[in-house]
Amino acid sequence: MVALLYSGGLLLADFLQVPLVGLIVVTLSLAVGALLWAKARSVLLGLLVLLAGWTNLTLRTAIISPIDLRVVVGERTEFITLRGALSETPYQRVYEHHDQEPSWRTMSLVDVSELRFQKQIWRPTFGGVAISTPGILSSNFFAGQTVEVTGILRAPKGAVADGLFDYRTYLRRQGIYYQLQVASLRDWEIVSSTNAPPSPPISDRFFVWAKRTLALGLPVEDEPLRLLWAMTLGWKTALTNEVNEPFMRSGTMHIFAISGLHIALIAGILVAVLRVLQVPRAVCGLVVIPLIWFYTGVTGWQASAIRSTVMMTIIIAGWSLKRPSDLLNSLAAAAFIILIWDPQQLFQASFQLSFFVVLSLALFVPVLEKIRKRWLQSDPLLPGELRPRWQRWLNVPIYYVTAGLTTSLAAWLGSIPLIAYYFHLFTPVSLLANLIVVPLSSLALMSNLASLIVGGWFPACAELFNHSAWFWMLLMLRVSEWAANLPGGCVYIAAPSAIGFIFYYALLVSLMGGWLKRPRWRVWVAAGLALLGVAWLSHWQQERTTTRLTILPLNGGHAVYFDAPGHKNDLLVDCGNTNAAQFIVKPFLRAQGVNRLNRLLLTHGDLRQVGGAELVGDAFSVKQIATSPIQFRSPTYRNILERLERNPEKRQHVARDDRIGPWTILHPKSDDHFPQADDSSVVLSGNIQGTRILLLSDLGRPGQEVLLERTPELRADIVVTGLPTGSEPISDALLDVVQPRVIVITDSEFPATRRANEKLRERLAKRNAQVIYTRTSGAVTFFLRANHWELKPMSGDRLLK
């Protein structure tokens, strides 16, 4: 109850902004009241715990100093030099682009103490800053050093569209509100300081030694070895998007977090060895607890490792003191301790998944175990020696397989909505995959642990353990790849709604807890579930009948995704270049629950619009790709057409007056010829549930004039247009005819030529229409229902029309 009340206070702090002074006064008043008023003490203590959580989070996030970085910098984007201490040793990330050399970036965190704007004096300040630098920073930089770094300081970028990774929120949950973009490694400098450590911290030195030890005897640094470093030492660089994908799709990605599995296994091995040596329980606790904290420290104090170590410390301490075991109570105690130390962890995916999975194991495994034992129970009147020999031989393997399946099922049931919300995945194959991968990971981890123990004094033995660990990791990799590719084993789904979350967990707990079987609770539980079910069905029906039109800005290009009820009329218009398709379009479509795409339309041959067509076509098994009859000079576009020629059933030619679902092609005609590719862009018009929409792509001025000449009665409520090369979009003459209520201009920050200029902004500001620029708004989504629509830009609230 204490953990629940405290967590409730944290939720209130996140949703309701209350002055800090008022919270402190009320909290102290409740504390005094609880001391003096004995009769109301229980109620007052409950409120006190609630307010303690509220006050703690507010205190961590409020601006209470005039030199806070948020006060000194504000919302500006500035070229600055900052000085501060590295809060962790910089690490590298590798980004692999389609058919390109991988690029490396160094990521680091600095606790800033001073900063200097251009040609100004140093100013004292404080706050954390995330730094991103192209290249690999020298190993001379390590945690604790004072450094000076020069670059562009700005607020981190938020998510471009719904469902994409929100880097700004991710950093804010760590108390970091700014990001420094550094141009090169030359912009880093070590500042001599009396407080600077003379050598790297012990965790860095251990990491270098451990990597070298775990590679003893292995001929090359290959993928299994790098994954072993990631699993055992928490090495982040190995986990690229390409490497992650099969583990994510098979539901086995959790093995690479230094989490409960690692800590429990290490603690179990240590306890088992000490008990074999007949070491008393109390001494076991005194030995094992410091050792698991040492492992957590030398692997970099990762949040998941700290959570698991706190949990295991509580369990081992209770066991060594011969206290009765209570997993739920231990879990709540661990959560309470962690959230006092860092209240923001409550809102992090890893914390929620860790505790929900352990909670599911505590609540559901006993119920599933009863069912399993009932199914496997043999005839109690038949002596064991009279049973067939093959049954006796299968008893042990069946027992262990079904026990593992029960545990896997409990964890999977408890994590389904969270996995769907954060990763947009539904992975029934994880039940099978984890049944194989988790034991293999335990064997690999045990082999690596043994290698680290003997590596310093018996390297020949360490080589044998390393080869063993490499073999187990190779099997894990192959099993995960096989499981990820099983038909129906993994599908992408949209994030569940809040009412869906509540209904799912209420139904699951009611069934597993047997609440519906208790006469006193049955009616109330059934009534509550019925109300939640009706609310969820109502929300689901509304969402099912809503049409969505999303405009995605893609750094110089844009894409439009039309999501109609059902899948028959779904349409993606353009897809950006290869990088945009890989890092924006692909994850966006997956976040919408798209596994197969019915149709892709390529409007013209601009690389920034269609360069990623091959990638999107392969990733989503696009059924049909529609193209203009116009020939474009772009080599990339020609390559796309050549590939389509080998699969003619997938290609659809579209020209004026053709239809694609509810859309009509207005431009171009098959015999049109324009000197600029933009003037031949495909233009679509549609009447979607009473709302008229016009998609102009990058149509230039000559193309607009031809469009007006051929369609003089053109009308639209919503117009979407890019920025054509060499001319302005949507001329005054076209606006006079169309008379839109909303104009979406798909401009972007980079390249500079794709920014809407002041002349265009001033001209459109004079119109009686709302103008949205995606450079500042991010993606724009229209929710279309019968005769009305809603507009939601990523940077603002919904607008009703």
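Residues numbered from 1 in each chain as written. Predicted model: local features only at pLDDT ≥ 70, side-chain atom pairs only at ≥ 80, totals over all residues. Heavy atoms only, no water.

1. Comments concerning the overall build of the protein chain
Phase 1 of the analysis: A count of helices and strands for the protein chain gives 26 helices and 25 strands.
Phase 2 of the analysis: A globule of 801 residues ought to have a C-alpha radius of gyration of about 28 Å, and the protein chain, at 30 Å, matches this closely.
Phase 3 of the analysis: By its C-alpha atoms, the protein chain is 95 × 80 × 70 Å across when sized along the principal axes.
Phase 4 of the analysis: Relative to its full complement of 801 residues, the protein chain shows a buried share of 49%.
Phase 5 of the analysis: Relative to all contacts within the protein chain whose residues are 6 or more apart in sequence, the contacts with residues 24 or more apart total 70%.
Phase 6 of the analysis: Just so you have it, the protein chain exposes about 39400 Å², and 61% of that area is on carbon and sulfur atoms.
Phase 7 of the analysis: Across the protein chain, 75 positive and 58 negative side-chain charges occur, with their mean positions spaced 10 Å apart. (Helix = DSSP H or I, 4+ residues; strand = E, 2+ residues; numbered from the N terminus. Rg over C-alpha atoms; globule rule 2.2 N^0.38 Å. Buried < 20%, exposed > 50% of the residue type's maximum accessible area, 1.4 Å probe, protein only. Contact = heavy atoms within 4.5 Å. Areas by Shrake-Rupley, 256 points an atom, 1.4 Å probe, with all protein chains shown as cover. Lys, Arg positive; Asp, Glu negative; His and termini not counted. Charge placed at Lys NZ, Arg CZ, Asp CG, Glu CD.)

2. Describing empty space enclosed by the protein
Rolled over the atoms, a probe as big as a water molecule pinpoints where empty space is left.
Phase 1 of the analysis: In the structure shown here, the tally under the stated rule is one cavity of 30 Å³ or more.
Phase 2 of the analysis: Lining the largest cavity are His558, Val560, Val573, Asp574, Thr603, Gln609, Val682, Leu684, Leu695, Leu696, Ser697 and Val720.
Phase 3 of the analysis: Among the secondary structure elements, those contributing two or more residues to the lining of the largest cavity are β11 (558-563) and β19 (691-697).
Phase 4 of the analysis: When residues in the lining of the largest cavity are grouped by element, the largest group, three residues, is from β19.
Phase 5 of the analysis: Taken together, the residues of the lining of the largest cavity break down into seven nonpolar, four polar and one charged. (1 Å grid on protein atoms, 1.4 Å probe; cavity = no way out; pocket = protein on both sides within 12 Å on 5 of 7 lines; lining within 4 Å. Points joined across faces, edges and corners; volume = space filled by probe spheres on them. Nonpolar A, V, L, I, M, F, W, Y, C, P; charged D, E, K, R; others polar.)

3. Overview of helix α23 (residues 701-710)
Phase 1 of the analysis: Listed in full, the buried residues belonging to α23 are Gly703, Gln704, Val706, Leu707 and Leu708.
Phase 2 of the analysis: Among the structural elements, β17 (663-667), β18 (683-688), β19 and α24 (732-738) are those in contact with the buried residues of α23.

4. Observations concerning the nonpolar core
Phase 1 of the analysis: Counting residues in hydrophobic clusters, the biggest one holds 33 residues, and the most contacted among them are Leu552, Leu572, Leu589, Leu597, Leu602 and Val616.
Phase 2 of the analysis: Breaking this core down by element, the ones donating at least two residues are β11, α19 (578-591), β13 (599-602), α21 (613-619) and α22 (635-645).
Phase 3 of the analysis: Looking at which element gives the most residues to this core, the answer is α19, with six residues.
Phase 4 of the analysis: The residues touching Leu602, leaving out its near neighbours within four places in the chain, are Asp574, Val610, Ala613, Ile625, Ala626, Thr627, Ser628, Tyr637, Ile640 and Val682.
Phase 5 of the analysis: Ranked by size, the runner-up nonpolar core spans 31 residues in total, among them Met231, Trp235, Val437 and Ala444. (Core = buried A, V, L, I, M, F, W, Y, C linked by side-chain atoms within 4.5 Å.)

5. Let's talk about the sheet that holds β17
Phase 1 of the analysis: Here seven strands make up an open sheet; going across it, the order is β16-β17-β18-β19-β20-β21-β22 and the pairing mixed. Here the strands that pair on one side only, and so sit at the sheet edges, are β16 (659-660) and β22 (770-773).
Phase 2 of the analysis: Two strands pair when backbone bridges link them, and strand β20 (residues 718-721) and strand β21 (residues 742-745) are joined in this way by four bridges, in the parallel orientation. In the sheet register, Ile718 faces β21, and the bridge partner there is Val742.
Phase 3 of the analysis: Contacts between α23 and the sheet are confined to β17, β18 and β19, with β17 contributing the most and set at about 115 degrees to the helix.
Phase 4 of the analysis: Lying over the sheet, helix α25 (residues 758-765) contacts β21 and β22, oriented at roughly 155 degrees with respect to β22. (Pairing = 2+ DSSP bridges. Axes fitted to C-alpha atoms, helices over the stretch in contact; angles between N-to-C directions.)

6. Focus: the pattern of salt bridges
Phase 1 of the analysis: Evaluated as defined, the whole model comprises 25 salt bridges.
Phase 2 of the analysis: The salt bridge involving Arg478 is made with Glu481; its shortest N-O contact spans 3.5 Å. Of this pair, Arg478 and Glu481 both sit in helix α16 (residues 459-484), three residues apart, roughly one helical turn.
Phase 3 of the analysis: On the basis of relative accessible area, Arg478 is assigned to the partly exposed category, the value being 46%.
Phase 4 of the analysis: A salt bridge links Asp717 to Arg692, with the nearest nitrogen and oxygen atoms 3.6 Å apart. Here Asp717, found in the loop between α23 and β20, pairs with Arg692, found in strand β19; they are 25 residues apart in sequence, far enough to count as distant.
Phase 5 of the analysis: For Asp717, a relative accessible area of 10% translates into the label buried. (Salt bridge = Lys/Arg side-chain N within 4 Å of Asp/Glu carboxyl O.)

7. Focus: a nonpolar patch on the surface
Phase 1 of the analysis: The grouping of Trp375, Leu376, Trp390, Leu394 and Ile398 at the surface amounts to a nonpolar patch, some 590 Å² of accessible area in total.
Phase 2 of the analysis: Looking at which element gives the most residues to the nonpolar patch, the answer is helix α14 (residues 389-423), with three residues.
Phase 3 of the analysis: Here Ile398 is to be found in helix α14.
Phase 4 of the analysis: Looking at Ile398, the relative accessible area reads 37%, which means it is partly exposed. (Patch = residues over 30% accessible without salt bridge, like charges linked within 9 Å, V, L, I, M, F, W, Y side chains within 5 Å.)

8. Looking at the side chain of Arg651
Phase 1 of the analysis: Tracing the chain through its elements places Arg651 in strand β15 (residues 651-653).
Phase 2 of the analysis: At a separation of 2.8 Å, a polar atom in the side chain of Arg651 contacts the side chain of Glu645.
Phase 3 of the analysis: Those residues in contact with Arg651 that sit more than four places away from it in its chain are Ile625, Thr627, Ser628, Leu641, Leu644 and Glu645. (Polar contact = N/O pair within 3.5 Å; in protein donor to acceptor, adjacent residues only side chain to side chain.)

9. Quick word on the layout of surface pockets
Phase 1 of the analysis: In this structure, the second largest pocket occupies an estimated 310 Å³ of space.
Phase 2 of the analysis: If you trace the second largest pocket, you find 18 residues lining it, with Phe632, Arg633, Pro675, Gln676 and Ala677 closest to the centre.

10. A look at the packing of aromatic side chains
By convention here, two paired aromatic rings are described through the distance between centres and the angle between planes.
Phase 1 of the analysis: With the rule as written, the count across this model stands at 25 aromatic pairs.
Phase 2 of the analysis: Measuring from centroid to centroid gives 5.9 Å for Phe503 and Trp536, while their planes differ by 20 degrees, and the two rings are stacked. Note that Phe503 is positioned in helix α17 (residues 498-513) and Trp536 in helix α18 (residues 519-544), a separation of 33 residues in sequence.
Phase 3 of the analysis: By relative accessible area, which is 30% here, Trp536 ends up partly exposed.
Phase 4 of the analysis: The lysine or arginine in question, Arg70, covers the ring of Tyr177, its NZ or CZ lying 4.3 Å from the ring centre.
Phase 5 of the analysis: Looking at Lys236, its charged tip hangs above the ring of Tyr91, at a distance of 4.3 Å from the centre. (Phe/Tyr/Trp six-rings, centres within 6.5 Å; stacked < 30°, edge-to-face > 60°. Lys NZ or Arg CZ within 6 Å of the ring centre and 35° of its normal.)

11. Re α17
Phase 1 of the analysis: An ideal rise of 1.5 Å per residue puts 22 Å on 16 residues; α17 measures up with 22 Å between its terminal C-alpha atoms.
Phase 2 of the analysis: Within the span of α17, buried status applies to Gly500, Phe501, Phe503, Tyr505, Leu508, Ser510 and Met512.
Phase 3 of the analysis: Along its buried surface, α17 packs onto α13 (349-376), α14 and α18.
Phase 4 of the analysis: Once α17 ends, the next one or two residues include Gly514, with phi positive near 70 degrees. (Expected span 1.5 Å × (residues − 1).)

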